[in-house]
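Commentary on secondary and tertiary structure
Below, each chain spelled out in residue letters.
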Amino acid sequence: MTTTVAIEGTCDTRFQGVKEAFAQNFAEYGEVGAAVAVMLDGRSVVDLWAGCADAALTRTWQRDTIVNVFSTTKGMTAICAHRLADQGLLNIDAPVAKYWPEFAQAGKAEIPVRYLLSHRAGLPAIRQPLPPGSAYNWDTMTSALAAEEPWWEPGTKHGYHALTFGHLVGEVVRRISGLSLGTYFRKEVAEPLGLDFHIGLAEKDDARTADMLPMPLPEPGEDNPIAKALSDPQSMTFKAFANPPDLMVPGTVNTRAWRAAELPAANGHSSARALARVYGALARGGELDGVRVLSRDAIERARVEQSYGDDAVLLGLPSRFGLGFMLDIPDHRIVPKGDIFAHPGAGGSIGFADPEARVGFGYVMNKMIMPPDYFIDPRWRGLVDATYAAL
């Protein structure tokens, strides 16, 4: 879509540059449907949406359109763990097996919860091939992970737990709270704060859910990290993304089975407004409109660097994590300055909190791309730059 598109929503005049950058995304990058939202010190200053919610361009993106945000979901899962810690129910430094006894198998008795949140547990993949549909079966995934031997000595390095992060942290949350991760998040965070964010989407919401447009396949011979990752079916990296194979089946993310499942690392469905609102709360000490999401201590703990350097799963690309959140990498900064904590998702979505600037930011879209710079999607790059130019 390269023609002029009608931009809907509201935008403070001070942030007019964000609206202009949003329109430019449709003209320059062929955006199909998207939304962007910004909270500043608890106040909405940008809430925009435009485009279409399907590839055929027959459904207009509406104010209440939601879309799959892939790994942006991980930030919500991390919030649940930190909330339990705030409540005195979870000790981040206690062994996982304290809460999930079966996890002690295969030499994992001493792995602390901290390693799950910081991608240091050595469990990014399951070795034994799992049949299609296994990702949707919670017991299948958690039983396999409880029996799995770490791929490296836990704590000695880190590697992105692309899918398993959600089952690992989610099972700890379930064992402590008695609730599935999606239910805990809904009751403890989404409903009190008024977030249109769902981990496990009800069928009634399908009609307002945008279809994801798949990422283009790499050209033959193209230097593409995804192609490299999937070149060896026996490798840890391949298994991290393709065992079980559900993520690799074209169109999977637009099915009822995918939307209904609770995959706390990958299948949250959200609006940009919801992302900006929850991160906006965290950017101002953890409270918004009388609802406390996390304590200030939890927020500070979450953004302390735990892992930084060559990622064992992402083929040596650098990554940097706090406790459940990605942190800015100096050579690939999300914001011009400051210490944000964030989580992006495959194809382009992102949410982040900047406590110094008191900014909460959310961007969602349905056209997935692999940006030229693996770390920086040019669509949200322009939106973030315009936001900070207005501060």
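Scroll up for the structure.
Everything in this summary refers to the structure shown in the same document. Keep in mind the model is a prediction, meaning the values are calculated, not measured. (Residues numbered from 1 in each chain as written. Predicted model: local features only at pLDDT ≥ 70, side-chain atom pairs only at ≥ 80, totals over all residues. Heavy atoms only, no water.)

1. With respect to the overall build of the protein chain
- Across its full length, the protein chain carries 13 helices and 14 strands.
- In summary, the protein chain has a C-alpha radius of gyration of 20 Å against a globular reference of 21 Å for 391 residues, a match within 12%.
- Dimensions of the protein chain, computed from C-alpha atoms along their principal axes, come out at roughly 55 × 50 × 45 Å.
- Contacts in the protein chain between residues far apart in sequence, at least 24 positions, make up 69% of those at least 6 positions apart.
- Just so you have it, the protein chain exposes about 14900 Å², and 52% of that area is on carbon and sulfur atoms. (Helix = DSSP H or I, 4+ residues; strand = E, 2+ residues; numbered from the N terminus. Rg over C-alpha atoms; globule rule 2.2 N^0.38 Å. Contact = heavy atoms within 4.5 Å. Areas by Shrake-Rupley, 256 points an atom, 1.4 Å probe, with all protein chains shown as cover.)

2. Regarding the pairing of strand E3 (residues 43-51)
- Burial of E3 is extensive: seven of the nine residues sit out of reach of the surface.
- With four bridges joining them, strand E1 (residues 8-11) and E3 adopt antiparallel strand pairing. Bridging across to E3, Cys-11 finds its partner in Val-46.
- Inspection of the sheet shows strand E2 (residues 33-40) paired to E3 by eight bridges, in the antiparallel sense. The partner of Ala-34 across the bridge, within E3, is Ala-50.
- Counted between consecutive antiparallel strands, the loop separating E2 from E3 contains two residues, among which Asp-41 sits at a positive phi close to 50°. (Buried < 20%, exposed > 50% of the residue type's maximum accessible area, 1.4 Å probe, protein only. Pairing = 2+ DSSP bridges.)

3. Side note on the sheet that holds strand E5 (residues 197-198)
- Pairing is antiparallel in the open sheet, where three strands are placed in the order E4-E6-E5. Of all the strands in the sheet, the pair left with one neighbour each is strand E4 (67-68) and E5.

4. Quick look at the pattern of salt bridges
- For the structure on display, the rule yields 27 salt bridges.
- Each of Arg-59, Asp-206, Asp-211, Arg-256 and Arg-259 takes part in salt bridges that share partners, so that together they form one network. (Salt bridge = Lys/Arg side-chain N within 4 Å of Asp/Glu carboxyl O.)

5. Some thoughts on the packing of aromatic side chains
- Overall, the coordinates contain ten aromatic pairs when judged by the stated rule.
- Plain terms: the ring middles of Tyr-136 and Trp-258 are 6.5 Å apart, the flat faces sit at 80° to each other, and that makes the pair edge-to-face. Taken together, the positions of Tyr-136 in the loop between helix H4 (113-117) and helix H5 (138-147) and Trp-258 in helix H10 (residues 256-260) put the pair 122 residues apart, joining distant regions of the chain.
- Residue classification places Tyr-136 among the partly exposed positions, given a relative accessible area of 28%.
- On the numbers, 5.0 Å between centres and 75° between planes, the contact of Phe-325 with Phe-341 is edge-to-face. Of this pair, Phe-325 sits in the loop between strand E10 (318-321) and strand E11 (326-327) while Phe-341 is found in strand E12 (residues 341-344), placing the two residues 16 residues apart along the sequence. The same class applies to Phe-325 as to Phe-341, namely buried.
- Every member of this aromatic cluster is reached through a ring pair, and the members are Phe-70, Tyr-136 and Trp-258.
- The ring centre of Phe-103 lies 5.0 Å from the NZ or CZ of Lys-108, which sits over that ring.
- Taking the ring centre of Trp-151 as reference, the NZ or CZ of Arg-127 above it sits at 4.1 Å. (Phe/Tyr/Trp six-rings, centres within 6.5 Å; stacked < 30°, edge-to-face > 60°. Lys NZ or Arg CZ within 6 Å of the ring centre and 35° of its normal.)

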